Amino acid sequence: MVSSVDLSTRLTATRLALKAIKEQDDNSTATSSSSSRAALPGAYGVDTSSSTNTRLTQLLAQYAQTAGVETQTETTPQASSGDITQAGFMKDLKAMLEDLSKDPDKASQAKAMLEALAAGTLTVSDPSEGAQIKAWDVKADSKTTSKPATEIATTGWSDFLKDHLKRDGSAYSKSASGAYVDRISGDNAFFGSVGSRYYYLTWPQAKPGTLTV
């Protein structure tokens, strides 16, 4: 079992690395919409093809060294409000996807994820908590307030994304819809934030001959 101290340290280091990536994105794409923070690390130019440290790992190390000067708010583990087993999270997830559908660059993927949510085929993974669950539409299933999650390995985002994102040479692989691909399941993949926390979403690729508008 992971101790509360180890989990706190892992969450802090992961949050600092993600914060660094977001700051990098803000500096290079100042005119992008707020939904751009839901983009995959590949969109920020993070290269995981190196046999040594990746840029994400380097950022993690760099910011971990300065963790001691962060404020209490930054170093305190995030509250359980992001519990993926609760209906409140599912409501926030759907709101995020609906907001993402307004971004021309992500609209098709957002629509596909909303369709998967309605069909019960959208999977949410939170490796920082070691949990995974099939998302459900709270509006269509208002009586369900919570569902049990499946336990997965508890790990940092750097290792999780390196293990799960399929690559084509030095670039991330993409499906016909433009989404990234989960190396293990072959499903479409998306890495984004719901509230102040990050999650990994996967949903089935369209069957051959299926037209996605």
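For the structure, see preceding data.
Definitions and limits used
- Residues numbered from 1 in each chain as written.
- Predicted model: local features only at pLDDT ≥ 70, side-chain atom pairs only at ≥ 80, totals over all residues.
- Heavy atoms only, no water.
- Helix = DSSP H or I, 4+ residues; strand = E, 2+ residues; numbered from the N terminus.
- Buried < 20%, exposed > 50% of the residue type's maximum accessible area, 1.4 Å probe, protein only.
- Contact = heavy atoms within 4.5 Å.
- Pairing = 2+ DSSP bridges.
- Axes fitted to C-alpha atoms, helices over the stretch in contact; angles between N-to-C directions.
- Core = buried A, V, L, I, M, F, W, Y, C linked by side-chain atoms within 4.5 Å.
- Expected span 1.5 Å × (residues − 1).

Trainee: I'd like a description of the overall build of the protein, backed by residues and values.
Mentor: Counting secondary structure elements, the protein contains 6 helices and 8 strands. When the helices and strands of the protein are listed from N to C terminus, the series reads α-α-α-α-α-β-β-β-α-β-β-β-β-β. The buried share among the 213 residues of the protein stands at 41%. In the protein, of all internal contacts separated by at least 6 residues, the share reaching a separation of at least 24 is 59%.

Trainee: Give a detailed account of the sheet that holds strand E7 (residues 188-194), specifying residues and quantitative values.
Mentor: Sheet architecture is open: 6 strands sit in the order E3-E2-E1-E8-E7-E6, paired in antiparallel fashion. Among the strands making up the open sheet, the edge pair consists of strand E3 (150-151) and strand E6 (180-181). With 3 bridges joining them, strand E1 (residues 123-126) and strand E8 (residues 197-203) adopt antiparallel strand pairing. From the neighbouring strand, Val-124 faces E8, where its bridge partner is Leu-201. Across the face of the sheet, helix H6 (residues 157-164) comes into contact with E1, E6, E7 and E8 while running at roughly 15 degrees to E8.

Trainee: Would you mind going over the environment of Leu-100 in detail, with residue names and values included?
Mentor: Tracing the backbone shows Leu-100 in helix H4 (residues 87-100). Separated by 11 residues in the primary sequence, Leu-100 and Lys-111 have C-alpha atoms spaced 8.8 Å apart.

Trainee: Please set out the pairing of E7 residue by residue, giving values where relevant.
Mentor: One face of the sheet, then the other: side chains in a regular strand alternate in exactly this way. Among the 7 residues of E7, 7 are classified as buried, and the element is accordingly described as predominantly covered. The alternating pattern of E7 places Asn-188, Phe-190, Gly-192 and Val-194 on one face and Ala-189, Phe-191 and Ser-193 on the opposite face, and all of these are buried. Where E6 and E7 come together, 2 bridges link them in antiparallel fashion. Bridge pairing in E7 places Tyr-180 opposite Ala-189. Between E6 and E7, which pair antiparallel in sequence order, lie 6 residues; one of them, Gly-186, sits at a positive phi of approximately 80 degrees.

Trainee: Can you tell me about the nonpolar core, naming the residues and giving the values?
Mentor: With 25 residues, the main nonpolar core has Phe-89, Leu-93, Met-113, Leu-122, Val-124, Leu-201 and Trp-203 as its most contacted residues. Every element with two or more residues in this core is listed here: H4, helix H5 (107-119), strand E2 (131-134), E7 and E8. Tallying contributions element by element places H4 first for this core, with 7 residues. Residues contacting Met-113, with those up to four places away along its chain left out, are Leu-97, Leu-100, Leu-122, Phe-190, Leu-201 and Trp-203. Grouped together as the second largest cluster of nonpolar side chains are 10 residues, Tyr-172, Ala-189, Tyr-198 and Tyr-200 included.

Trainee: Give me H4: which residues, what numbers.
Mentor: Between its first and last C-alpha atoms H4 spans 20 Å; for 14 residues at 1.5 Å apiece the expected length is 20 Å, and the two agree. What H4 keeps buried is the set Ala-87, Phe-89, Met-90, Leu-93, Lys-94, Met-96, Leu-97 and Leu-100.

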